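Notes for the structure review
So the chains spell out like this:
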There are 2 protein chains.
Amino acid sequence: MPKRVGRYTVSLPNRPAVTGFAAVVGKKEGEGPLAKYVDFIYDDTTLGESSWEKAESHMQSDAVSRALESASLSASELDYIFAGDLLNQCIGSSYALKELDVPYIGLFGACSTMAESIALASIFVESRAANTCAAATSSHFCSAERQFRFPLEYGGQRTPSSQHTATAAGCAIIRDQGEGPYISNVTFGRMVDLGVKDINNMGSAMAPAAAATISDFLKDTGTNASDYDLILTGDLSLVGTKLLKDLLIRDQIDIKDKHADCGLLLYDIKKQDMHAGGSGCGCSAAVLCSYIFKNMRKGNLNEVLFVGTGALMSPVSIQQGDSIPSVAHLVHFSNSKGEA
Amino acid sequence: MPKRVGRYTVSLPNRPAVTGFAAVVGKKEGEGPLAKYVDFIYDDTTLGESSWEKAESHMQSDAVSRALESASLSASELDYIFAGDLLNQCIGSSYALKELDVPYIGLFGACSTMAESIALASIFVESRAANTCAAATSSHFCSAERQFRFPLEYGGQRTPSSQHTATAAGCAIIRDQGEGPYISNVTFGRMVDLGVKDINNMGSAMAPAAAATISDFLKDTGTNASDYDLILTGDLSLVGTKLLKDLLIRDQIDIKDKHADCGLLLYDIKKQDMHAGGSGCGCSAAVLCSYIFKNMRKGNLNEVLFVGTGALMSPVSIQQGDSIPSVAHLVHFSNSKGEA
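**Examining the pairing of strand β10 (residues 182-187) of chain B**
Residue and element names in this part refer to chain B.
- Burial of β10 is extensive: six of the six residues sit out of reach of the surface.
- As judged from the three bridges shared by strand β2 (residues 9-11) and β10, these two strands associate in the antiparallel manner. Bridge pairing in β10 places Thr 9 opposite Thr 187.

Given below as structure tokens:
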């Protein structure tokens, strides 16, 4: 059963298992360094659909089907699906999943959605409110650009600090037992807003939230950064990564040898001209559900902290001059099932 | 601990308690029949803010403060707050709650948000993942109109089947013990889409989802509509209510003596010219967190099924010719704490 540890962390002694997972990505992401780890690369990022929004839903639906297949399950064996995305009213998820006939728990956590959905699913499984859950999310460069920035046809120039919304989707299947990795702990984050108002610098807006959640988790569990093989943020990219390290050093937490960021892993940012790196719900979802979980299964990584970061503004709040509140949720994955 | 009952329902033997609640509403809602039950009526629906979105956040923040006060708690005693709303990227909630410094679990369930948030909070409390949670949501007529329909200045005419987004917010505090009502069972719904495409007839789009969830719950628990004092939907209003009753009769479920709808309770729809009735996340939240909970505490109602219904489309999906997927989540409130 779930057990509260410290002020903010919930320990899961039975350690729910990630028994299946899948990641699907667009053409540009498929030209990046993680190409060999993902399940499918779409050469045509319309996916044959008549709109970018429909393409995103199609992609998320594919990720769920492939994750179910990798867990040797059918949708009818799922108790719940936890999902959300960046599109207004989360239509990326609702239209992707409406045919599944699975109880649907809709989330909005912006780019923290993959961490939020896995954390919720694992608490449901640990507490026996569910036996089997899916956690899914997606983002699409073209649907996000026109909603948050400019229509593609405008040909807008991007600032060096801006991040590129990944065309990608990921899904993880969480069960009470089966092949791992396993989920040992989760920490849901508090919102942090240090006053950043630049929508082209979301890494800086989100870094303080990531720092707060990482610091909370380490304090709650009495562990150090050195106890983990990897502390993986998604997605702070270049600017936010530097700020995160600086913020944590003030708390005497040094993550420099342990840290990686999904937004910097998904692309070769120099060669691919990706400015500060990748972002979008699908970015961390796809990196986690391919490169990370596969390296955990191979034993190359054993203890991983996955910290999903979300910027909770909207174009309207930015136009009204508001700063960007952010949140970071943490999931601790382990290769050992534990003793419970 | 949570216990699965049948295919879709989770029973909560310890019955988490709604130890505090509050509802705040706008001027028009304050002229309706529930005025004497709500905690506060804003004569000025700008709440002194410079935008409708900020007014909505202000209102949700007020509802949370008042609910905490009614439970004699401070925000620092909350383990989690579950919240969401209708605005793009759920800014109604994020800007309302960012200063609370409480772990934030963002949801998107459209008008089902109050049921979704209470259901999640009660599973967290039952499983001891949390001791104390808040569940909150809001909607504002003016922020919703310009986002989903037309700017107010346009003076658009409404169809008879259209619903009026309530200017209202509600919050419930869920704890492991304390004064009730208590939460006995929850059922998360599956998405249903029977092809309705008319954004001015959302009651019809949502009724099939409500019918499915009510039918699932009764089957799972082996109970009948007659076992409950009230089956409360939020919000199907006139058109959807008729359809819900017709759909359930086909399953031999007769709710006609037990049913009420939050969208029809909040206003005197004829006198106030409210067309088919009220809607919006805040509508069912405010009705539940005032009239319903107060009547439960008085013993006028003992067993209540609260069925929050959400239409999961967006203006973009409607413009692209898509139909409206809907979902309904159910929370079973009881006046007795139970034996566990």
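**Observations concerning the relation of the copies chain A and chain B**
- For these two chains of identical sequence, chain A goes onto chain B by a turn of 180° and a shift of 0.0 Å along the axis, with RMSD 0.0 Å. Classification of the inter-copy transformation places it as that of a two-fold axis. Nearest to the rotation axis, the C-alpha of Leu107(A) is located 2.0 Å from it, this being the minimum over chain A.
- Most of the interface of chain A is mirrored in chain B, where 100% of its interface residues again form contacts.

**So, the layout of surface pockets**
- Here the largest pocket is characterised by a volume of approximately 520 Å³.
- Lining the largest pocket are 27 residues; nearest its centre among them are Phe141(B), Glu145(B), Leu152(B), Arg158(B) and His164(B).
- Counting residues per element, the ones that place at least two in the lining of the largest pocket are α1 (27-30) and α5 (141-148) of chain B.
- Among the elements that take part in the lining of the largest pocket, α5(B) stands out by supplying four residues, more than any other.
- The residue inventory of the lining of the largest pocket, partitioned by class, reads eight nonpolar, 12 polar and seven charged.
- Quantified by volume, the second largest pocket comes out at close to 380 Å³.
- Along the wall of the second largest pocket there are 21 residues; nearest its centre are Phe141(A), Glu145(A), Gly156(A), Gln157(A) and Arg158(A).
- Per-element accounting of the lining of the second largest pocket gives the leading share, three residues, to helix α5 (residues 141-148) of chain A.
- Grouping the constituent residues of the lining of the second largest pocket by class yields seven nonpolar, nine polar and five charged.

**With respect to unusual backbone geometry**
All names here are of chain A.
- With an omega of 10°, the peptide bond between Gly 180 and Pro 181 qualifies as cis.
- Mapped onto the fold, Pro 181 is located in the loop between β9 (168-175) and β10 (182-187).
- The phi dihedral of Cys 90 is positive, around 50°, even though this residue is not glycine.
- Relative to the assigned elements, Cys 90 resides in the loop between β5 (80-85) and α3 (91-97).

**Re the packing of helix α4 (residues 113-126) of chain A against helix α9 (residues 281-297) of chain A**
All names here are of chain A.
- Their axes nearest at 8 Å, the elements α4 and α9 cross at an angle of 60°. Considered as vectors, α4 and α9 are oriented oblique to each other. Contact residues: α4 offers Thr 113, Met 114 and Ile 118, while α9 offers Cys 281, Ser 284, Ala 285, Leu 288 and Cys 289.
- For the contact of α4 with α9, the class distribution of residues is six nonpolar, two polar and no charged.

**Description of the packing of aromatic side chains**
Residues and elements named next belong to chain A.
- By the definition in use, this model includes 24 aromatic pairs over all chains.
- Judged by centre distance (5.1 Å) and plane angle (80°), the rings of Phe 293 and Phe 333 are edge-to-face. Placement of Phe 293 in helix α9 and of Phe 333 in strand β15 (residues 326-334) is noted, with a sequence separation of 40 residues between them.
- On the accessibility criterion, Phe 293 (0% relative accessible area) is buried.
- With a relative accessible area of 0%, Phe 333 lands in the buried category.
- Where Phe 306 meets Phe 333, the ring centres are 6.5 Å apart and the plane angle is 40°; that geometry is what we call tilted. Placement of Phe 306 in strand β14 (residues 303-311) and of Phe 333 in strand β15 is noted, with a sequence separation of 27 residues between them. Grouping residues by exposure puts Phe 306 and Phe 333 together as buried.
- Through a chain of ring-to-ring contacts, the aromatic side chains of Phe 21, Phe 293, Phe 306 and Phe 333 assemble into a single cluster.

**A look at helix α6 (residues 202-221) of chain B**
Residues and elements named next belong to chain B.
- Taking 1.5 Å as the rise per residue, α6 with 20 residues should run 28 Å; its terminal C-alpha atoms sit 29 Å apart, in good agreement.
- The buried count for α6 comes to 17 of 20 residues, which makes it a mostly enclosed element.
- Where α6 terminates, the next one or two residues include Gly 222, which has phi positive at roughly 60°.

**Examining the nonpolar core**
- Ranked by size, the top nonpolar core spans 136 residues in total, and within it Ile173(A), Leu244(A), Met313(A), Ile173(B), Leu244(B) and Met313(B) carry the most contacts.
- Here Leu244(A) is in contact with Ala207(A), Ala210(A), Ala211(A), Ile214(A), Thr233(A), Leu236(A), Ile255(A) and His259(A), once residues within four sequence places are set aside.
- Counting 110 residues, the second-largest nonpolar core is a separate cluster that includes Ile269(A), Ile174(B), Cys262(B) and Leu288(B).

**Details of the interface of chain A and chain B**
- Contact residues are listed per partner, giving 63 residues for chain A and 63 residues for chain B.
- Buried area between chain A and chain B, both sides added, is near 5,000 Å², and the carbon and sulfur share of it is 55%.
- Seen at the junction of chain A and chain B, the total is 10 salt bridges.
- Residues Asp322(B) and Lys54(A) are paired through a salt bridge, measuring 3.1 Å at the closest nitrogen-oxygen approach.
- The interface formed by chain A and chain B contains 40 residue pairs in polar contact (both at pLDDT 80 or more).
- Per-element tally for the side of chain A that touches chain B: the top contributor is α3(A), with five residues.
- A breakdown of the residues in the side of chain A that touches chain B according to their chemical character gives 34 nonpolar, 16 polar and 13 charged.

Analysis parameters
- Residues numbered from 1 in each chain as written.
- Chains lettered and ligands numbered in written order.
- Predicted model: local features only at pLDDT ≥ 70, side-chain atom pairs only at ≥ 80, totals over all residues.
- Heavy atoms only, no water.
- Buried < 20%, exposed > 50% of the residue type's maximum accessible area, 1.4 Å probe, protein only.
- Helix = DSSP H or I, 4+ residues; strand = E, 2+ residues; numbered from the N terminus.
- Pairing = 2+ DSSP bridges.
- Least-squares fit on C-alpha atoms with pLDDT ≥ 70 in both.
- Contact = heavy atoms within 4.5 Å.
- 1 Å grid on protein atoms, 1.4 Å probe; cavity = no way out; pocket = protein on both sides within 12 Å on 5 of 7 lines; lining within 4 Å.
- Points joined across faces, edges and corners; volume = space filled by probe spheres on them.
- Nonpolar A, V, L, I, M, F, W, Y, C, P; charged D, E, K, R; others polar.
- Axes fitted to C-alpha atoms, helices over the stretch in contact; angles between N-to-C directions.
- Parallel < 35°, antiparallel > 145°, perpendicular 65-115°, else oblique.
- Phe/Tyr/Trp six-rings, centres within 6.5 Å; stacked < 30°, edge-to-face > 60°.
- Expected span 1.5 Å × (residues − 1).
- Core = buried A, V, L, I, M, F, W, Y, C linked by side-chain atoms within 4.5 Å.
- Buried area = accessible area lost by both parts, 1.4 Å probe.
- Salt bridge = Lys/Arg side-chain N within 4 Å of Asp/Glu carboxyl O.
- Polar contact = N/O pair within 3.5 Å; in protein donor to acceptor, adjacent residues only side chain to side chain.

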